[in-house]
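What follows is each chain in one-letter form.
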Amino acid sequence: MGRTRNYMESVEVLIVGAGPVGVTLGCELARRGVGFRLVDQATRPFEGSRGKTLQPRTLELMEDLGVIDRVLARGEPTPPIQVFSPNGAVDVETLFGDRVSTPSTPFPRPFTIAQNLTEDALRTRLAEMGGEIHYGTTLIALKQDEAGVVATLETESGLSQIRAAYVVGCDGGRSKVRQLLGIAFEGDTDESRRLYVADVRIDGLGRESWYSFRGPGGMLNLSPLATTDLYQLQASIPPTAPDEIDIEALQNIVTTRSRRDDIRITDMAWMSTWRMNVRLAAKYREGRVFLAGDACHVHSPAGAQGLNTGFQDACNLAWKLAAVLRGAPADLLSSYEEERRPIAAWMLGLTSALEAQAFEKKGFPTDREEGFLQLAINYRDSSLTAEHRRAPGGVVAGDRLPDATGLVAQGQTFRLFELVRGPRPVVIAVGQGWNATLADLRARYPQEALAIVTIAPGGIEDSNGHFAGGLGIDGDALMVVRPDKYIGFAGDHESAGEIVPYLARLLG
Ligand SMILES: Cc1cc2nc3c(=O)[nH]c(=O)nc-3n(C[C@H](O)[C@H](O)[C@H](O)COP(=O)(O)OP(=O)(O)OC[C@H]3O[C@@H](n4cnc5c(N)ncnc54)[C@H](O)[C@@H]3O)c2cc1C
């Protein structure tokens, strides 16, 4: 080990790990003006396609973050899947193929994009906002007291220490942060369930669909990765199979399982061996140090939830960290684990059931419930959720804010997601009679901290009723949309005063 420098830098947040979750967290902090250091032990970005499916809820928040155009340009809506059975039958399945865009759901279906391209889009956004990634920098120790955390980092030039008000471990399934905190990673590893995953170039196969070959030897999936010349290969393998494999051995698997000799692998850009590992961190937080993404939950890739869930972790945690650093009560941070850990526990069950389906069928598991889309995730039971209406409509506090089209003001037409876009909470007053309440809020909070809009005749008009219809609002209502676009508070005229203590919890 090298020498330790004797001066200590100081930042508001240290993010350990610049995978998709760490970079998302960096973007979310950057857009709120929080000072952070983002470090990664790797010397450059990861290049494999791994998590190639983004769920609709992720796309919604990517739109809010300003990365959606780049993401949509580098992928495609998940294409149909041709499923080949040993008896020669071919079924064509389209995941959630009957779902179309609606005024409340702009992204109805899963979207396929290689994870390295998603990460590239996130890094570009981070750079636009002035964020940097410090590669070749490994966290090796943490020490915290009541006021902050001292982290020891190792680079080629030696050891250094940095002091941070908060540290977030986005450092993947083998998380050093989790280990240093002594947080148990509860669950099981099943060595009998393994997969080769590789990015390959192939001759002899079209690119208009995914291909899934079922057979007694196991499953083989070949999925073209849009905007590249690669396919992602997934092949289930027995416990005795070696971890490393060359093109020739991979070709044997392809020829045997596809029962075709015209599919030829010409190149292998990346490969890895995955083993079934289903684990959940016993805690997401110890003092001033948090875990997010794979650092606190790992599971089967079946169902495409990992990156998506980690992305939502980052969106949930970032605004709370920013708020507390700017004066909100520190207790706000307790709601991170309270809200996100139960979601991960539920998701572990969902993906394990799908994984079992895949191993039973020895093929691609196509039987999926809508929960995989992550649109129905809600925080209704969170201590941060306040539903005060006596007769709430279909959408209640704790739910995802649905989109709505046809909002009109000053001759301009826009969507609800455009109206609430940005890093701060938004108060939406629906109908008349809110002047005193809103004037009070304006006196308490500057516009940069709290946006306030009124949807009512003469103001922003709900021209086609999609807003009221989508939210199930019949009459007046007062709502707070959290920065992660969940409805935090909902009230009526009798309970309007409750919004003041509610916002104090979010903003101080
Ligand atoms: C085959 C496969 C298919 C998948 N398919 C999907 C899918 O379709 N959809 C989906 O949502 N998810 C999918 N996933 C899961 C997805 O890839 C992961 O959930 C995602 O990469 C997790 O991101 P992360 O940022 O939490 O961790 P990682 O991507 O693992 O990043 C962690 C980073 O931390 C760095 N690091 C580690 N230790 C240290 C340290 N001590 N100091 C500094 N840096 C450190 C690492 O270098 C790394 O860059 C799939 C995974 C696999 C393997």
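Residues numbered from 1 in each chain as written. Predicted model: local features only at pLDDT ≥ 70, side-chain atom pairs only at ≥ 80, totals over all residues. Heavy atoms only, no water.

If you tally the helices and strands in the chain, you get twelve helices and 26 strands. On C-alpha atoms alone, the chain measures out to a radius of gyration of 24 Å, which is about the 23 Å that the 2.2 N^0.38 rule sets for 508 residues. Its C-alpha atoms give the chain principal-axis dimensions of roughly 75 × 60 × 35 Å. Put simply, of all contacts in the chain between residues at least 6 apart along the chain, 72% involve residues at least 24 apart. Surface accessibility of the chain: about 20200 Å² in total, with carbon and sulfur atoms responsible for 49%. A distance of 3 Å separates the average location of the 53 positive side-chain charges in the chain from that of its 64 negative side-chain charges. (Helix = DSSP H or I, 4+ residues; strand = E, 2+ residues; numbered from the N terminus. Rg over C-alpha atoms; globule rule 2.2 N^0.38 Å. Contact = heavy atoms within 4.5 Å. Areas by Shrake-Rupley, 256 points an atom, 1.4 Å probe, with all protein chains shown as cover. Lys, Arg positive; Asp, Glu negative; His and termini not counted. Charge placed at Lys NZ, Arg CZ, Asp CG, Glu CD.)

In this section: the domain arrangement of the chain. Interfaces are often described in size by the accessible area the parts lose on coming together. When the domains of the chain are assigned, the result is domain 1 (9-76 + 106-186 + 278-373), domain 2 (188-276) and domain 3 (386-507). A straight line from the C-alpha centre of domain 1 to that of domain 2 covers 27 Å. Taken together, the contacts link 27 residues of domain 1 with 28 residues of domain 2. Here domain 1 and domain 2 share an interface that buries about 2200 Å² over both sides, 60% of which is from carbon and sulfur atoms. Applying the counting rule to domain 1 against domain 2 returns zero salt bridges. Sorting the residues of the side of domain 1 that touches domain 2 by element identifies strand S15 (264-281) and helix H8 (334-361) as the ones contributing at least two each. Here the side of domain 1 that touches domain 2 gets five residues from one element, more than from any other, and that element is H8. Among the residues making up the side of domain 1 that touches domain 2, the classes are represented as nine nonpolar, nine polar and nine charged. (Domains from an automatic or database assignment. Buried area = accessible area lost by both parts, 1.4 Å probe. Salt bridge = Lys/Arg side-chain N within 4 Å of Asp/Glu carboxyl O. Nonpolar A, V, L, I, M, F, W, Y, C, P; charged D, E, K, R; others polar.)

What follows is about the pattern of salt bridges. A complete count under the given rule lists 37 salt bridges for this structure. Put simply, glutamate 28 and arginine 32 hold a salt bridge, and the shortest N to O gap is 2.8 Å. Note on glutamate 28: relative accessible area 4%, which makes it buried. Accessibility expressed as a relative area gives 15% for arginine 32, which makes it buried. The partner of lysine 320 in a salt bridge is glutamate 339, and the shortest N-O contact between them spans 2.8 Å. Separated by 19 residues along the polypeptide, lysine 320 in helix H7 (residues 306-325) and glutamate 339 in helix H8 bring together distant segments of the chain. Each member of the pair, lysine 320 as well as glutamate 339, carries the same accessibility label: buried. Bridged by salt links that share partners, the residues Glu28, Arg31, Arg32, Asp64 and Lys485 form one connected network. (Buried < 20%, exposed > 50% of the residue type's maximum accessible area, 1.4 Å probe, protein only.)

Around the ligand sit 28 residues, and of these Asp40, Gln115, Asp294, Leu307 and Asn308 come closest. One nitrogen or oxygen atom from the main chain of proline 20 is found 3.4 Å from an oxygen atom belonging to the ligand. Note that an oxygen atom of the ligand is positioned 2.7 Å from one of the backbone N or O atoms of leucine 307. Within the complex, the protein chains bury 88% of what would otherwise be the 1000 Å² of accessible surface of the ligand. Residue contributions to the shell around the ligand peak at three residues, all from H7. (Near = heavy atom within 4 Å. Polar contact = N/O pair within 3.5 Å; in protein donor to acceptor, adjacent residues only side chain to side chain.)

The next point concerns unusual backbone geometry. Even without glycine at this site, threonine 227 takes up a positive phi of about 65°. Take threonine 227: it is sitting in the loop between strand S13 (220-224) and strand S14 (231-237). Residue classification places threonine 227 among the partly exposed positions, given a relative accessible area of 47%. Positive phi values are uncommon outside glycine, yet lysine 485 reaches one of about 70°. When you line up the elements, lysine 485 lands in the loop between strand S25 (477-481) and strand S26 (487-491).

Below, the discussion takes up the environment of aspartate 188. Its place among the elements puts aspartate 188 in strand S11 (residues 185-203). The sequence separation of aspartate 188 and glycine 310 amounts to 122 residues, and the corresponding C-alpha distance is 20 Å. Aspartate 188 has contacts with Met276, Asn277, Val278 and Arg279, leaving out every residue within four places of it along the chain.

Time to look at helix H12 (residues 499-507). Given 3.6 residues to a turn, an α-helix orients residues that are three or four positions apart in the same direction. By the burial criterion, the buried members of H12 are Ile499, Val500, Tyr502, Leu503, Leu506 and Leu507. What you see down the axis of H12 is that its buried residues fit within an arc of 160°, all on one side. In this structure, the buried side of H12 is in contact with H7, strand S19 (386-387), strand S22 (426-430), helix H10 (435-444), S25 and S26. Two residues or fewer past H12, glycine 508 is found with a positive phi of approximately 90°. (Arc of directions from axis to C-beta.)

The buried fraction of strand S9 (residues 149-155) is high, at five of seven residues. Across six bridges, the pairing between strand S8 (residues 138-144) and S9 is antiparallel. From the neighbouring strand, lysine 143 faces S9, where its bridge partner is valine 150. What sits between the antiparallel neighbours S8 and S9 is a turn of four residues. The pairing of S9 with strand S10 (residues 158-169) spans seven bridges and is classified as antiparallel. By the bridge assignment, threonine 155 is partnered in S10 with glycine 158. (Pairing = 2+ DSSP bridges.)

It is worth spelling out the environment of arginine 50 at this point. Positionally, arginine 50 belongs in the loop between strand S2 (36-39) and strand S3 (53-54). A residue is classified by how much of its surface remains accessible, and arginine 50, at 37% relative accessible area, is partly exposed. Distance in space between the C-alpha atoms of arginine 50 and methionine 271 is 9.6 Å, their sequence separation being 221 residues. Once residues lying within four places of it in the same chain are set aside, the contact partners of arginine 50 are Gln115, Glu119, Gln232 and Trp270.

Here we come to helix H1 (residues 20-30). When you tally the buried positions in H1, you get eleven out of eleven residues, the bulk of the element. Its buried side turned inward, H1 meets strand S1 (9-16), S2, helix H2 (56-65), helix H4 (115-128), S10 and H7.

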